[in-house]
Amino acid sequence: MTREEFRALCLSRPIILDGATGTELIKRGLPTGVCPEKWVLENQQAILEVQKAYREAGSDLVYSCTFGGNLCKLEEFRLEDKHDQMNSDLAKLCKEAVGDGLAFGDIAPTGNLIEPFGPMKFEECIAVYRRQAQALLSGGVDGFVIETMMDIQEARAALIGVREVSSDLPVIVTMTYGAEGRTLTGTDPVTAVITLQSLGADAVGCNCSAGPEKMIEWIAAMKPYATVPLLAKPNAGQPKLVNGETVFDMGPDEYAGYFTRLIEAGANLLGGCCGSSPAHIAAVSRKIKSLTPKPPVRSAISAVSSAQGVTLFGAHEPFVVIGERINPTGKKALQAELRESKLSMVRQFALEQSRAGAGLLDVNMGLSGIDEKAMMLEAVKLIAPLVKTPLCLDSTDPEVMEAALRLNPGRALINSVSAEKERIEKMLPLAKKYGAMFIVLPVTDESVPEELEARKEVTLSIINEAKKLGLAIEDMVIDGLVMTVSSTPQAPTVIADFISWCACELGANTSGGVSNVSFGMPERNWLNMAFLGLLIGRGLNSAIINPSVEMMMGLKFASDALLGRDKKFKTYLSRFNQTSTTKTENKVERSPIDAAFDCVLYGEEEVIAPLLEKAVQDGIAPQDLVDKALIPAIVKVGDLYDKKEYFLPQLMMSAETMSAGFKALEKYLEKDAKQSSGKIIMATVKGDIHDIGKNIVCLMLKNYGFEVIDLGKDVAAETILQAAAENDTKIIGLSALMTTTMGEMKTVIAEAKNRGMNDLRFMVGGAVVDQNYADEIGADGYAADAVEAVKVAKKLAQQSK
């Protein structure tokens with residue numbers, strides 16, 4: 001099936017997907033603690049029965065049984081040498097089972113956090129998924145599904161890997177969101193759909209972690225921004241413990257009752273996840289098979305994204321400021337830092353510009369004497385977890401640009417594509433391959449056109465070349481090519497007319513380096529202000545400026561308010577009401593304690609140790625630095641995390657910075673100040689090989705002073721309780737990701753009671769666990785995330801004293 005055929009099918013009627021596989025296999029004998037893929041190949045009749053049952057229930061499209069088939073997962077069972085054959089054989093089994101239905105190769109998380117959010121190299125992750133996709137393709141799959149992704153960067157790696165194997169077959173990508181509508185690394189559904197559809201996904205959606213009612217909300221949020229069909233695969237309600245078994249509380253008819261609303265919200269492909277069965281899918285099929293799904297409301301969108309947010313371009317959207325400061329041109333201090341491979345000023349500029357209201361951050365590492373590609377990648381790795389602001393990647397070197405586009409965890413803006421032969425031939429294909437927006441620069445190999453008609457001609461030539469690759473006008477931002485008025489007096493008029501033509505005749509987004517107009521003139525700010533106002537009136541909807549210049553930003557916010565781009569003047573009032581106004585002239589130099597506080601708050605790990613060392617040498621008491629800076633800062637980080645203003649990347653950066661701070665002060669602190677908050681055993685229960693969440697909790701606990709004994713994953717009750725006895729530990733943290741293994745938590749707690757170990761305190765957590773389940777199995781605490789785990793662990797530590 002081609003991508004075009006798949007899209008047409010998805011828009012013609014609701015496409016019914018399959019439901020849960022693991023629970024159905026357990027009914028047929030799958031034991032805990034084994035590799036499901038290996039067991040299935042040894043018991044082929046089981047998977048054939050399951051997949052045929054879904055096909056008979058109405059599933060048009062069935063996933064291959066390869067959820068844990070990537071190299072990282074198979075290595076845990078020492079089956080990496082069987083990887084290719086296993087994936088290929090499982091794909092063939094799926095094809096056999098579905099007959100004339102569609103068999104899609106199932107690709108799922110590796111269990112690692114991917115750079116820039118974690119230790120696994122991005123290119124290594126792409127290679128893992130590329131190899132699995134190749135093996136599935138050899139088994140004859142009709143397409144691919146990348147599912148249950150908790151990290152947008154891992155989803156991107158999988159999508160790139162698949163696309164490098166097959167550019168013709170359809171690829172579906174679904175993310176998993178928490179109750180608040182964010183992934184583990186802070187991505188919301190709108191950000192995800194903008195990022196993934198631009199990168200080449202043929203359908204985007206959500207699966208697992210929530211029931212159908214919540215997914216209605218997420219599908220409805222995505223629909224206005226989607227250019228591709230949307231998918232929903234909800235759980236069958238919430239898990240409960242009944243007669244010692246984990247069951248979900250939503251029967252087939254109740255479950256199917258939500259699916260009409262999912263269609264109305266905009267879903268085109270629908271199936272089931274945890275707790276669903278062939279009976280659930282049959283009920284869904286009966287309910288919706290005669291309905292007509294909604295097509296995407298747009299074919300292209302002017303939007304860029306980071307891992308945690310989106311910036312929209314358009315005549316009715318807020319004016320977009322592209323922060324210009326991360327560029328070494330004319331900045332001697334930044335040049336000196338980059339030549340020493342340091343990025344502290346890049347960090348500072350990223351934070352300052354984001355706080356000032358920049359909608360994008362231009363990142364340029366073009367400087368003689370440095371490795372531009374290496375520094376660009378380091379800059380992206382630094383900035384992406386630091387701020388929510390999307391990036392404008394600025395380089396004339398196609399190799400540098402491609403490396404940055406691959407690594408950047410969102411949809412970027414390319415600065416820029418001109419009519420110069422190399423730019424057209426090399427930069428435009430990069431925009432297409434990575435789904436980036438790009439700045440159109442009306443410059444040729446021969447000249448920089450000054451006359452209006454010449455600019456129009458060059459601009460149209462670039463647009464035409466872009467359209468040949470399938471790029472749309474919505475993917476472009478046309479640069480006004482601002483020239484200085486001192487040398488070209490007619491330039492402002494030409495530029496204003498050109499901007500008006502782009503906006504009114506082409507319906508295009510526009511931008512420009514506004515401050516270029518005043519070069520060589522006195523009191524440049526006045527000229528810049530007047531020129532910006534003039535261009536906004538003629539249709540300019542973005543500009544490359546310094547967002548730290550308060551007058552320019554004031555003009556931006558005022559223009560948005562007056563032109564109806566700021567609903568109910570919310571942003572304007574927030575920025576300029578008396579209580580929120582900050583006068584730059586009243587700023588004072590930060591004290592060392594304030595500076596240390598900010599280091600933790602903003603994750604400046606490389607700065608914290610020398611700063612604290614100097615503070616101690618200057619006479620500040622080490623304990624004061626702990627009590628007045630490190631602890632209050634990490635508490636503030638926790639508050640921001642609870643409010644969903646911070647997410648996992650910021651949380652981890654701050655936690656690691658605090659840990660580095662404590663290490664720097666350790667030699668100065670009294671013995672009592674260095675005492676542990678307590679011991680805690682952490683384990684992922686028997687049969688469960690997913691430990692990414694548990695590992696994050698372990699790191700946070702260590703940074704809060706706990707002595708953590710990490711037993712790893714797939715740990716039996718006997719091993720956990722023996723470790724508690726041997727280490728004189730009273731607190732045990734248990735994690736489970738799968739509904740098929742969460743019952744092991746009860747086994748551990750019950751066995752502790754059987755042994756008379758009544759002084760133990762149990763904390764439980766994981767994607768499938770909630771407070772009700774924790775209460776049912778007799779746990780002493782439930783933690784939804786790493787921050788909550790620290791709070792619960794502290795409470796249990798007090799109780800166990």
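Everything numeric here is computed off the predicted structure, so don't read it as measured data. (Residues numbered from 1 in each chain as written. Predicted model: local features only at pLDDT ≥ 70, side-chain atom pairs only at ≥ 80, totals over all residues. Heavy atoms only, no water.)

(A) Representation of the sheet that holds strand β24 (residues 761-765) within the structure. Pairing is parallel across the open sheet formed by five strands, whose spatial order is β22-β21-β23-β24-β25. Looking at which strands have only one partner, the edges of the open sheet turn out to be β22 (706-710) and β25 (781-782). Summarising the sheet, strand β21 (residues 678-684) and strand β23 (residues 731-735) pair through four bridges and their orientation is parallel. Counted as the bridge partner of I681 is I732 from β23. The sheet contacts of helix α32 (residues 786-799) involve β21, β22, β23, β24 and β25, and relative to β24 the element is tilted by about 170°. (Pairing = 2+ DSSP bridges. Helix = DSSP H or I, 4+ residues; strand = E, 2+ residues; numbered from the N terminus. Contact = heavy atoms within 4.5 Å. Axes fitted to C-alpha atoms, helices over the stretch in contact; angles between N-to-C directions.)

(B) A look at the pairing of strand β7 (residues 230-233). Going residue by residue along β7, you find L230 and A232 tucked away on one face and L231 and K233 tucked away on the opposite face as well. Of the crossover connections in this fold, the one passing from strand β6 (residues 203-207) over helix α10 (residues 212-222) to the parallel β7 is right-handed. Pairing geometry for β7 and strand β10 (residues 267-270), over three bridges, is parallel. Its bridge partner being in β10, L230 is matched across the sheet by A267. (Buried < 20%, exposed > 50% of the residue type's maximum accessible area, 1.4 Å probe, protein only. Right-handed = clockwise from strand over helix to strand, strands pointing away.)

(C) Molecular detail of the packing of helix α27 (residues 648-665) against helix α28 (residues 692-703). Interhelical geometry of α27 versus α28 gives an angle of 35° and a closest axis separation of 9 Å. Seen from above, α27 lies across α28 with left-handed handedness. Of α28, the residues touching α27 (which contributes L648, L651, M652, A655, E656, M658, S659 and F662) are I696, L699, M700 and N703. (Left-handed = near helix turned anticlockwise from the far one by under 90°.)

(D) Looking closely at the sheet that holds strand β20 (residues 542-545). Here we have eight strands laid out as an open sheet, ordered β19-β18-β17-β16-β15-β14-β13-β20, and parallel in their pairing. A single partner strand is all that each edge strand has here, and the edge strands are β19 (509-511) and β20. Put simply, the sheet's adjacent strands are angled 30° from each other on average, direction ignored. Sheet topology note: the strand β16 (residues 413-418)/strand β17 (residues 437-441) ladder contains four bridges and is parallel. Considered in β17, the bridge of V417 is made with V440. Here helix α18 (residues 421-434) sits on the sheet and contacts β16 and β17; the angle it forms with β16, its principal contact strand, is near 155°.

(E) Geometry of the packing of aromatic side chains. Under the counting rule described, the total for this entry stands at six aromatic pairs. Here the aromatic rings of Y255 and F259 are separated by 5.0 Å at their centres, their planes lie at 55°, and the arrangement is tilted. The exposure class assigned to F259 is buried, which follows from its relative accessible area of 0%. Connected via pairs of aromatic rings, a cluster forms that spans F557, Y572 and F576. Over the face of the ring belonging to Y602 we find R355, whose NZ or CZ atom lies 4.1 Å from the ring centre. (Phe/Tyr/Trp six-rings, centres within 6.5 Å; stacked < 30°, edge-to-face > 60°. Lys NZ or Arg CZ within 6 Å of the ring centre and 35° of its normal.)

(F) Here's a closer look at a nonpolar patch on the surface. Together, F569, Y572, L573 and F576 give the surface a local cluster of nonpolar side chains, amounting to about 360 Å² of exposed area. Tracing the sequence through the fold places Y572 in helix α23 (residues 570-576). Judged by relative accessible area, Y572 falls into the partly exposed class, the value being 31%. (Patch = residues over 30% accessible without salt bridge, like charges linked within 9 Å, V, L, I, M, F, W, Y side chains within 5 Å. Areas by Shrake-Rupley, 256 points an atom, 1.4 Å probe, with all protein chains shown as cover. Salt bridge = Lys/Arg side-chain N within 4 Å of Asp/Glu carboxyl O.)

(G) Broad picture of the pattern of salt bridges. Under the defined criterion, the tally for this structure stands at 40 salt bridges. Notably, a salt bridge pairs K381 with E115, separated by 3.6 Å at the nearest N-O pair. Here K381 is found in helix α16 (residues 372-386), whereas its partner E115 is found in the loop between β3 (102-107) and α7 (122-138), with 266 residues between them in sequence. Accessibility expressed as a relative area gives 22% for K381, which makes it partly exposed. A salt bridge links E217 to K214; the nearest nitrogen and oxygen atoms lie 3.5 Å apart. Within this pair, E217 and its partner K214 are both found in helix α10, separated by three residues, close to a single helical turn. You can call K214 partly exposed: its relative accessible area is 29%. Overlapping salt bridges, with partners in common, bring together E24, K27, R28 and E49 in one network.

(H) Summary view of the nonpolar core. L196 and F438 are the most contacted members of the largest nonpolar core, which totals 149 residues. In this structure, I593, L625, A633 and I731 belong to the second largest nonpolar core, which totals 54 residues. (Core = buried A, V, L, I, M, F, W, Y, C linked by side-chain atoms within 4.5 Å.)

(I) Examining the pairing of β17 more closely. Most of β17 is tucked away: five of the five residues are buried. Burial along β17 is two-sided: the face carrying M437, I439 and L441 and the face carrying F438 and V440 are both buried. Traced from β16 through α18 to β17, the parallel crossover comes out right-handed. Taken together, the three bridges between β17 and strand β18 (residues 476-479) define a ladder with parallel strand orientation. By the bridge assignment, V440 is partnered in β18 with I478. The parallel pair β17 and β18, bridged by helix α19 (residues 452-468), forms a crossover whose chirality is right-handed.

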